[in-house]
Amino acid sequence: MSEFSPICIYLVISPLVSLIPLGVPFPFASNSSTYPEKLSAHECGSDPSGDARSRFDIRFYPVPILFIIPDPEVTFSSPWAVPPNKIDPFGSWSMMAFLLILTIGSLYEWKRGASDRE
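Just so we're clear, the structure is a prediction, and the values are computed from it rather than from any experiment.

Caption draft 1: Structural view of the overall build of the protein. Helix and strand counts for the protein come out as six helices and zero strands. Of the regular secondary structure in the protein, the N- to C-terminal order runs α-α-α-α-α-α. Carbon together with sulfur atoms contributes 68% to the accessible area of the protein, which is approximately 11100 Å² in total.

Here it is, written out as structure tokens:
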């Protein structure tokens, strides 16, 4: 059991570290939901105008998709943090295959002009 004690301590402390800051403001907060101004919609200080569900240009969709792409890159590049003498040939070649696929995808995006703004 002593070999698992650091894990047990971590499993007890980590929820506390995340939940205590969430609960600290509640005793000090006033009941702000009673004020009608707090419940009204807010758009940068001006009165809301128009429908919030209006259509917008399709050209805005590639922008968030291009921002999502680096997330798996960072996740799947983490094996490079291991010293090179600790990676077996399979791990090394799988990283090379991942980088090849990533390069092909980046070149495809570049060729299609996905990051170009009109």
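Caption draft 2: Summary view of the UniProt feature "transmembrane region" (unreviewed entry) in the protein. Following the UniProt record, the feature "transmembrane region" (unreviewed entry) maps to residues 7-28 and 90-108 here. Here residues 90-108 runs as 100% helix and 0% strand, with 27 Å between its end C-alpha atoms.

Caption draft 3: Fine view of the environment of Trp-80. Its place among the elements puts Trp-80 in the loop between α5 (70-76) and α6 (89-112). With twelve residues separating them in the primary sequence, Trp-80 and Ser-92 have C-alpha atoms 8.8 Å apart. Beyond its immediate chain neighbours, meaning those up to four positions away, Trp-80 contacts Met-95, Met-96 and Leu-99.

About the cut-offs
- Residues numbered from 1 in each chain as written.
- Predicted model: local features only at pLDDT ≥ 70, side-chain atom pairs only at ≥ 80, totals over all residues.
- Heavy atoms only, no water.
- Helix = DSSP H or I, 4+ residues; strand = E, 2+ residues; numbered from the N terminus.
- Areas by Shrake-Rupley, 256 points an atom, 1.4 Å probe, with all protein chains shown as cover.
- UniProt positions renumbered as here; feature names shortened; annotations may be inferred.
- Contact = heavy atoms within 4.5 Å.

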